[in-house]
Amino acid sequence: MDIEKYISSGILELYVAGLLTEAENREVSEYAKSHPEIEKEIRAIEAGVLALSKAASPGITEKSRIEQLWATMDERENKPVIKMEKPRTNWFAYTGWAAALVLLAGLWWVYNQNQELRTDMQTRVNEVQQLESQIEATRNSLVQTRELFNQLRDKDVTIVPLSGQQVAPDAYARAYWKKDTQEVYIDAQGLPEPPPGMVYQVWSLKLSPLTPTSIGLLESFATDDNKVFVLPNTNETEAFGITLEPAGGSESPTLEQLYTLGAVATS
């Protein structure tokens, strides 16, 4: 602990003036017990405040002098009236009060500066914590991306290109089918963002006769940066198709809204 820096921070003046919180008062008291320099500084500040208080409250006031003068005049009823002099202004008392006010104003300023510093420090701490959270989220995202690439590069993955259809000729997608885990990774980067109230639905297709089976929705399309979705597929799939459907999906595909389609290559 830097004792000199702690003493010069102004917190001891606030302690003597009674402007600290209960917890802060306990902290200063504990430091004073373990550090004689702090205890000595507190005593010096208290002595200064007491000196100002005495200066602002002299032992004999002007009112006392006037009362004594009236008592003397009562004892001398038959003597000439004593002419009273106008009491002199006690400038020393006023100076003491002014000094006390200046000290209190200075203590209040130090207190406010201390509070602003604490607030600023807390803001900085919050910013650092937020940055650390963002870094951790990015690190986790990189780990997930690396794991995803490892999955897609597996030698047992069947890659199925899905080309754009009449409703969206420029659209495209890609399906990575892992039969051993019964999962399909849909890379939908080439699909346009669906309009409000609509969602992309992925279908596993048997071609003869044409039998579509829904394997899932791309519900988080707008918020997913990678546009890669993992869907379960336990079907004997001969082709994959993606259609645009009302939110919640459909029982059967809307062929007029077929965006991409691709057949599984036969070995």
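Remember, predicted model here, so these are calculated numbers, not experimental data.

Colleague: Explain the pairing of strand β2 (residues 172–178) here, please?
Modeller: Looking along a regular strand, one sees side chains alternate from face to face of the sheet. For β2, the tally of buried residues reaches 5 of 7 residues, placing the bulk of the element in the interior. As paired strands, strand β1 (residues 157–164) and β2 are joined by 7 bridges and run antiparallel to one another. Its bridge partner lying in β2, Leu-162 is registered against Ala-173. In this sheet, strand β3 (residues 183–187) lies alongside β2 in antiparallel orientation, the contact comprising 5 bridges. Paired with Lys-178 across the bridge in β3 is Glu-183. Hairpin connection of β2 to β3: 4 residues between the antiparallel strands, including Gln-182 at a positive phi of 55 degrees.

Colleague: Mind showing me how you'd approach the packing of aromatic side chains here?
Modeller: Two descriptors summarise a pair of aromatic rings, namely the distance from one centre to the other and the angle between the planes of the rings. Counted according to the given criterion, the structure contains 4 aromatic pairs. An angle of 75 degrees between the planes, with centres 5.4 Å apart, marks the rings of Tyr-200 and Tyr-259 as edge-to-face. With Tyr-200 in strand β4 (residues 198–207) and Tyr-259 in strand β8 (residues 258–263), the pair connects residues that are 59 residues apart, well separated along the chain. Per residue, the accessibility class of Tyr-200 equals that of Tyr-259, and both read buried. Ring-pair connections join several aromatic residues into one group, and the members of that group are Tyr-200, Phe-221, Phe-229 and Tyr-259. Sitting over the ring of Trp-177, Lys-179 keeps its end group 4.7 Å from the ring centre. Seen from the ring of Phe-221, Lys-227 lies directly overhead, with NZ or CZ sitting 5.1 Å from the centre.

Colleague: Would you take a moment to explain the sheet that holds β2 for this structure?
Modeller: Hydrogen bonds between backbone groups are what pair the strands of a sheet, and the pairing can be parallel or antiparallel. Taking strand neighbours across the sheet as the criterion, the 8 strands line up as β5-β4-β7-β8-β1-β2-β3-β6 in an open arrangement whose pairing is antiparallel. Each having just a single partner strand, β5 (210–217) and β6 (228–232) make up the two edges of the open sheet. Pairs of neighbouring strands in the sheet enclose a mean axial angle of 25 degrees, with direction left out of account. Of the pairings in the sheet, the one linking β4 to strand β7 (residues 239–246) comprises 8 bridges and is antiparallel in character. Looking at β7, one finds that Val-199 is bridged to Glu-245.

The rules behind these values
- Residues numbered from 1 in each chain as written.
- Predicted model: local features only at pLDDT ≥ 70, side-chain atom pairs only at ≥ 80, totals over all residues.
- Heavy atoms only, no water.
- Buried < 20%, exposed > 50% of the residue type's maximum accessible area, 1.4 Å probe, protein only.
- Helix = DSSP H or I, 4+ residues; strand = E, 2+ residues; numbered from the N terminus.
- Pairing = 2+ DSSP bridges.
- Phe/Tyr/Trp six-rings, centres within 6.5 Å; stacked < 30°, edge-to-face > 60°.
- Lys NZ or Arg CZ within 6 Å of the ring centre and 35° of its normal.
- Axes fitted to C-alpha atoms, helices over the stretch in contact; angles between N-to-C directions.

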